[in-house]
Structure formats: C-alpha cells, structure tokens
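Each chain is listed here by its residues.
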Amino acid sequence: MRAHEPAVTPELAREHGLTDDEYALALKAIGRTPTFPELGVLSVMWSEHCSYKSSRVHLKRLPTKGPRVIHGPGENAGVVDIGDGWAVVFKMESHNHPSFIEPYQGAGTGVGGILRDVFTMGARPVAAMNSLRFGEPTHPRTPSLLRGVVAGIAGYGNAFGVPTVGGEVQFDAAYNGNILVNAFALGTCRSDRLFLGQAKGVGNPILYVGARTGRDGIHGATMASAEFEEGAEAERPTVQVGDPFMEKLLLEGCLEIFAADVLEGIQDMGAAGLTSSTVEMASRAGNGVELWLDRLPRRAKHLSAYEILLSESQERMIMVARLGEEQRVLDICAKWDLDAQVVGRVTDTGRFVVRATDGYDPLSGEPWPAESPVVVDLPVGLLTDEAPMYSRPCVDDPRLTDRYGVDATGLPFDPRADLLELLAAPNVGSRAWIYRQYDHIVRDGTVVRPGAGDAAVVRIFCEDERGRREKFIAMASDCNGRFCELDPRTGAAMAVAEACRNLACVGAAPIGLTDCLNFGNPQRPEIMAQFRDAIDGIADACKALDVPVVSGNVSLYNETTEASGPRAVLPTPTIGAVGLFEKVSDVVGAGFRTAGDHVFVLGPHGNDRLGGSEWLTRRTGKVCGRPPSIDLAAEALLQSFLVRAAREGLLASAHDCAEGGLLVGLAEACILGQSGAALALPAQYAMTPGGLFGEDPSRVVVSVTPYVLGLFAQRVAEAGVPCTFLGRVGGVALTLADVASWTLDELREAHASALDSIVGR
Amino acid sequence: MRAVVIQFPGSNADFDALHTLRDVVGVQTSYVFHKTPTLPAGTDLVVLPGGFSYGDYLRCGAIARFAPVMADVRRHVERGGLLLGICNGFQILTEAGLLPGALSRNAHLRFECRDVFVRVDADGPFTQELRGRVLRLPIAHAEGRYQADEATLQSLEAKSLVAFRYVPATTPDPRAPANPNGSLHDIAGLYGGPRRNVLGLMPHPERMAEPLLGGTDGRLLFHSAVRAALAR
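Residues numbered from 1 in each chain as written. Chains lettered and ligands numbered in written order. Predicted model: local features only at pLDDT ≥ 70, side-chain atom pairs only at ≥ 80, totals over all residues. Heavy atoms only, no water.

**A look at helix α8 (residues 142-160) of chain A**
All names here are of chain A. Here α8 spans 27 Å end to end across 19 residues, near enough to the 27 Å set by a 1.5 Å rise per residue. Buried residues dominate α8, accounting for 14 of its 19 residues. G161, located one to two residues past α8, shows a positive phi value of around 95 degrees. (Helix = DSSP H or I, 4+ residues; strand = E, 2+ residues; numbered from the N terminus. Expected span 1.5 Å × (residues − 1). Buried < 20%, exposed > 50% of the residue type's maximum accessible area, 1.4 Å probe, protein only.)

**Regarding the interface of chain B and chain A**
Quoted interface sizes are often the accessible area lost when the parts come together. Taken residue by residue, the interface counts 34 residues in chain B and 39 residues in chain A. Here chain B meets chain A over a buried area of about 3,100 Å², counting both sides, of which 53% is carbon and sulfur. Broken down residue by residue, the surface that chain B buries against chain A is led by C113, R175 and L212 of chain B, which jointly contribute 22%. At the junction of chain B and chain A, the tally comes to 9 salt bridges. Between chain B and chain A we count 19 residue pairs in polar contact (both at pLDDT 80 or more) in total. Those elements giving two or more residues to the side of chain B that touches chain A turn out to be α1 (14-25), β6 (112-120) and β7 (134-141) of chain B. No other element matches the 6 residues that α1 of chain B contributes to the side of chain B that touches chain A. Class assignment of the residues belonging to the side of chain B that touches chain A gives a composition of 15 nonpolar, 6 polar and 13 charged. (Contact = heavy atoms within 4.5 Å. Buried area = accessible area lost by both parts, 1.4 Å probe. Salt bridge = Lys/Arg side-chain N within 4 Å of Asp/Glu carboxyl O. Polar contact = N/O pair within 3.5 Å; in protein donor to acceptor, adjacent residues only side chain to side chain. Nonpolar A, V, L, I, M, F, W, Y, C, P; charged D, E, K, R; others polar.)

**Considerations on the packing of helix α21 (residues 632-647) of chain A against helix α24 (residues 709-719) of chain A**
All names here are of chain A. Taken N-terminus to C-terminus, the directions of α21 and α24 make an angle of 150 degrees; their axes are 10 Å apart at the nearest point. In terms of orientation, α21 lies roughly antiparallel with respect to α24. In this structure, the crossing between α21 and α24 has a hand that is right-handed. Where α21 abuts α24, its residues L637, F641 and R644 lie against F712, R715, V716, E718 and A719. (Axes fitted to C-alpha atoms, helices over the stretch in contact; angles between N-to-C directions. Parallel < 35°, antiparallel > 145°, perpendicular 65-115°, else oblique. Left-handed = near helix turned anticlockwise from the far one by under 90°.)

**A closer look at the pattern of salt bridges**
Opposite charge on two side chains allows them to pair when their charged atoms are near. Residue and element names in this part refer to chain A. Applying the stated criterion to the full structure yields 73 salt bridges over all chains. Between E307 and R215 there is a salt bridge, with its nearest N and O atoms 2.7 Å apart. You can see E307 sitting in helix α12 (residues 305-310) and its partner R215 sitting in the loop between β7 (205-210) and α9 (220-223), a full 92 residues away along the chain. Close ionic contact of D216 with R299 constitutes a salt bridge, the shortest N to O distance being 2.9 Å. Here D216, found in the loop between β7 and α9, pairs with R299, found in the loop between β9 (288-292) and α12; they are 83 residues apart in sequence, far enough to count as distant. Put simply, D172, D418, E421, R482, E614, R618 and R619 are held in one network by salt bridges that share partners.

Function cannot be inferred from these measures alone, as they are strictly geometric.
Structure, rendered in structure tokens:
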C-alpha cells in the first residue's frame, strides 16, 4: 500500500459497488488482496455499465446479422454497408444519470461520447438525433431539465458541427425523478477504411491523444450502475464537463491520422476512461497492455494512479500505432493543437499492467522517472469475458393486467375540442422550440428537416478515387414507454415497427437498428421480466421486418427511491432506425401537398384500444387500459408497400399515425402541408375515443395525386394492404363529415403551442 | 475565378461553403488552413466560414483575427479582393475591425436555427441586380444580434452599407419573429471594405443553394460574386 491510499477491505469493496460474492471472486482470481487502484479498476470494469452483467444473457437473443452488416454489436458502433464501397456507422447511447444531476453538461457529454464512438471507427459524423424523456410537464423540475438538456445537446453538437436532424421527446410522471437522455450519432466512411478498438501487434506503442486528464467524472460508470437516492445532486462532481471545440479538433486530427494509415487500433475513452478503453482493446486483440501513467498528459496536480485510471475526462482517445509510426501521429496532433503522448505498449502477457511512481507529478517539471513500479497487474480476461454475469430472476408483475380494466365510456369526449387539446399536448404537438436550438442543417446534407417528415433524410457525400457521389439515408428514433409498461413485449415490438414505419413513410428501406434500453433496477424481478420481454419483442419485430440490431446500449437502475418505495421509469427500449434510399426522388414528405389529391389510410383497421394512449392518460391521469396489439406480418406488408410505392412515385405524402391516433395524424398532415382536407370516416371507424384517438399501430395516412390513382389501386391490391379512402386534400379547414371541422389556423396554433406551457412562448 | 475557404480550428461550415462554391456554383475552390501565411496566388474570393472558431471561447470570432492567415486576408481586401464572412465569419470580420459594430448574444439567449426572410437593401458585388428582393435563407447562430453605437448605425444607413435586413414572412409565426435575434435596424448583413468588397452576414446562403435543400436564393449571392470577380 502506498501513501494516501486507503487499505483495501471488504467494506471498501462494497463502497465501490462490488458485492461480497464479487469481491470473493476477485480475491480468488488474483490470489491476493487487490491494490487500491486495482479495486478501482475492478469496480468500474465489473459495473453494470461496462460489463452488461445483468443484460448480456438476454441481449444474445437479438438478431444481429444481415447481408449488409459489416460490424454488429461489440465494436464501438455498428457498421452497415450502403453500397459502392461506403458504409454508415451508428449507435445510440444513454447519458441519463449525469443529465439529471447536471443537465447541460450531462446531455452535452452524452453527445460528445456518442460522436467519439462513431469517429473512432474512422467515420465522419454526419447526423445526430436524440431521444428524451422528462417528467410531467407540470413537475417543478421539468422546465429547467428540458431547457438544460436541450441547451447542452445544442451547445455540444452545434459547435462540433454535426447536424441534429431528428429525435423525439415524451413527458410522463414516471420520469419525474429520472429523466432519459439517449443520444444517437451516425457517420460515414469507406467500408475498407474502418478502424477497430484493438490493441494489435505486440510491442506497438500506445498513444494518448486529446484533452488532458483531470479529476472529472471519476466513478461515472459506477454512478450509472446504481439507482438514485434522494439528494443525488451531491453526485455532481462525478459529472463530466465537455469541450466540443476540443472534440472538433480531435475529430479532424483523427481523420487525418486515419488517412495516414499508421494505426492498428483506436478507441475513445468513454465510461471508465483509460481503464476501460485499454482493457477492451487488449481483450479484442487477445493481448496485454502496459501503461506508463507518469507520462500521461494531465491538467490537475497530484493525480493518483487511482484517479487517472478512473477519470472520465472527455475528448480523449487511445491509439495503437504501428511501431515506428509514432512520430507521424505526434506530428498530425501538433498540426491540430492536440496533446499527444506515448503512454504504453502492447504486450503478449494477456495482463493489464499499470506503472506509476507514487508522488511523481510531471506538472512539477521534473523528468519522468526511468522506471516506475507496477501498481496494477490484473488478467485482461478477468476484467472482460470472465467478469460476473447474472441470469437474474424474472417475475411478471402480477398487478399489471389489473390496470387493463378501465371503462372509458363515462369519460368526457368531444372530438372537436379533444383534437385541439391533443395537438397542443406536450407529448403530441410541435417540437420546434427544441429543434430550432439545434443546428440541423450544417454540412449541407439535410434534405428532410426535423418536424417536416416522419424521418430525417440526409444526403451523404461519398468522395473517393472514383469521384464524388451522393447517397441518401433516413433515420428515426421511437419508443412509446407507456405501451412497454402495459405490455413490454408488444410495446418493444411496436417501437421497432414504428421506427421502421417512419423510414418507410419517407420512402427508405430499413438497413439496421441501434437500441438504447432504459430500465429500472435489474435486481427487482419484475424489472428484469420487463427487460426480458422487451428483448423478445425487439427480436420479434426485427425478424418480421428483416432488420438487424447492429449496436446498442443498456441503461439500468433508472429509478428513484421514494418514500413509498422504488419508482422505475417506464420501460423505454428506444430504437434508432436507419434506412437507405435507392434514389433521391423517392423521398416522400409527411404533409398534404396538392388540392384534389386523394387521402387514404393504409393498414389494418385496429381494435380501437385506448390503453396507454395520450387521450386516456390525460383523462385518467395514469398509464392504464388494455394496450394495442400489433400484427407484425401486416406491418411488414405495409412497410414494403410504402417503400415500393415511394420508388414508383405514387405517394404525394405519407404520415404515420402515432401519439394521438388517426385524427391527430390527419391534422398533422394538414398542418405540415399547410392545406386542409375534406374527409369522411367510413362506417367501421367508430365515433368513439378509441376510434378517433386510439393509438393502434400500422396505420399510415397517404395522399395520392389523381393521375396515378389507377396504378396506386393496382399496387394496393397486389400487396394486399388494407386501404381506406377518406376524402380529398383542399381548402383551409380539416373537415370530418358528421364530426367536426377545424380551420387550418386553429390546428396550426394548437400544434405550435405544445411546449408553451413548459418553456413559455 | 478562384475561391478559398479559410479553415480555422473550430470552423464547421467550411464544407458547406466549399461544396456550394465548387459543386453547385462551379468555382474552383480550395481550403486554406489558418496557419498558412499566404493565400494562393490569384485568389478572387475569400470565405470566412461559419462555425465556432477557437471554440468561440472568450468571444465569438475574437481569437480568429490573430490567425496567421489573416494578415494576407487583409492585404487581399486592400487589393480589392472579395471577402465573404458567413455567420462566425461575420463575427470574425467585426472582431477584426473589417466591419464595424459587434454581434452579441441573441435577445432570447438561445441558439436558433430556422429559415428567415431578408431583403437586399444595398448594391454591391454580392448583390448585383438584387436590391429590393426578399430572399429566404437559413440562420443558425446564438450570437447574431447586431449592435453598434448610434453614429455608426447612422453612417451605415447613410452610406447604404446595410446589405440585408430581416423582414416579416408572409404568414407570420408568433414563435418565430421576423428579426430572430434582436439586431438593431434589423441588420442581417453589412457591406464594408474599400470597394464594398467585404460582406458579412449571419444567414447562410451556402446552405440554401440547391432545390434539394429547400431553395436556391443563396446561390444568387455567389453568382453575383462570380460576375463581380470576372469583371475585375
């Protein structure tokens, strides 16, 4: 034991989040009491955040393979082929706990982390999205959390120069004490120029590049692996602080280093910082690493080995260069004003070895000691593949179906007023206040901007020795946590279906998914049952729609300890979906376009269930009712029809009916197209809350120009997709025969006012 | 005709400018790194692009004016060469003293990205035959509120140097006022330099130059600049 270090005891291990069994396992494997830095390393590497110890057994059931998949889960991000030698690289990741404690920095560094995950693979980020969950709009903390998170995402993404093109936000009381901030990023690169997080080549130098190390974020990974106690704000020192300018320099420097072709591997320092990045790189390559902490660039004085190993300072990269090419890396870093230093080497020992001189501080100006003592010596396998893995008990919540029995007949129902109320609801209406704070057009690629279509559409410039070409991709993120709460398996399947349906609505075929699985405490069997079922639901939908999951992230312990007991968030398996266009003319907007176009609703007529709908939640104040079900085979037919119809130019517009149901979907198509419509619902649509405002999935409002009606009808018949004629586009009002009429102005104003109650005008 | 786009550390709309000039307008265009002491021979147009040069730490654009390349940019202006500062580029121009006044934090204190309408209010190399036209261009900034003392404003107006002014849309949106940032005199862009050869503006013409991106109004400025450069 060295000076200033506490003695490692079972109590200290417990304080580090290790259970007694886990500590015993560590003692047995090492054959001695770990040093203090070793205990720190074990605690972060075995944390839920890094080890996925509760989720791994379930994640194996996700379909991850497909003809386009170049790299699936396990790398820093998923990689999918988009043809002509080019690929997209994407992933979604949570930054929930930090964002609740310090919204601006928490959300900003969430963006920074996911951007690094993408560019560490050699890809330039070209689009970002985010999926946010906040508590009730009336909760006293909601306005400041919303403001802080949005400003944090904007502050980072805008300065970095990635367009934030889409996303979603929902409000529900279940998130009052635990908001969700899920950040998505997508980059592009040549598929033969990918870089992996591997410490390959024994003897190769390990380089540290980027921001200097400070004390920020120490134990962030451990914090993300425990539920919140009251007074969580005291955790603020564990929140990292972001510097998007540094990240921008790091991006440009990395891209230039990649082009120089001198690297064997690279990984960003994310959760659990230097420790996790180097250990994972060693593990993937089947090698060991030795680190020399005395040489590490730092910004704080007197950092201990423990602090350096656990720091989560942002904007840092670890690179393994080919021996002899170090100087090339250092020169490029100098060009971009980046700190860089050789801090270790790849070994063949299979061990994670760290050397540091106690009491030495390079900031003192003293030269490095020639030889420094070993402070950590652990097998890489113990920290990765042999980390504890749990098959935790799952017990279905026996009270869940009690919540299905809700009688909606006595609830007040006024179609005209209810539509305006729903359009103005924070869960339904315009998100302009949010996306206007994001630079969503930088890089000249944004073809469908946020709010303008069911999915964002981005142009990708592919420039190589064969010339310059343009490709077009779509992306969307979705999850309705209320459906997942009421029926986790169906709800998760519906999240996948909706995300892919949003792609299909703009005319793109899905090529891959990323998921961000936000749940409560996995040590509670009913939470674990939700998780298990959600995985199965995602897998069901992936198989039906023939789309793989290529990357993802699990965030557990999203719950708060309240006086009445633990309160978990709604199970929220957020899905980010990416689709590819054959040609730019396939892109379809969501708004009605031309007077006289015919309006149809495509998809099976549902069962008008109100469970989990915005309407019922507003009327009852709780998430209840029997939720909708989904016919995945019908969904697949619908989506392939939409993509085919878009390619044939048959659709003037297409818009998915989601929160708020059919009537809201129709009104949104009017608002977006700045055009009215004269419609009549056929007899099978009951004039009930369920018929008008129920949120059955698999329904899409389309408009069709009269002169292609014949071909449209033929294609509908061939595909076997249910199709119901509703009326025609035109006028300055939405008129629903025998129900009500709304002027375009009142629809627009209601929709535009959705967030006013939270953030003001 | 030859154009260059200066890359400061933190520039991020450098690609937007390069793409529009090179691929859309068809001008020979290249990047010039901020540490380069001299512009390429025969440079007609220099673009200071949007972004967050030097992180916009201290003040937006405050550090970029000290970049090694800026001395030659000044000489380029003195020779009558065209200089266009877009967004952060406009901020750099005011910090460098190449245009008067300052761009401060938006009145509502938020970053704002959306389309705005601006009227061309002055003649010059970037706006030939465009005076009086209303253009739809996107903005994306947090510090675009033009401020100057009264004497400066009077002088700008008297010399007709206000190139662009925010004007209302045909269908006003109460949540998106015509003047998006509280700029004095609704100023969105200014001419300066010995021959009106310097233009700074907050909106991004290089992001509205293709039908695919929602409009082509921005292209008009570049076409005008090409004509001006060829006429020299």
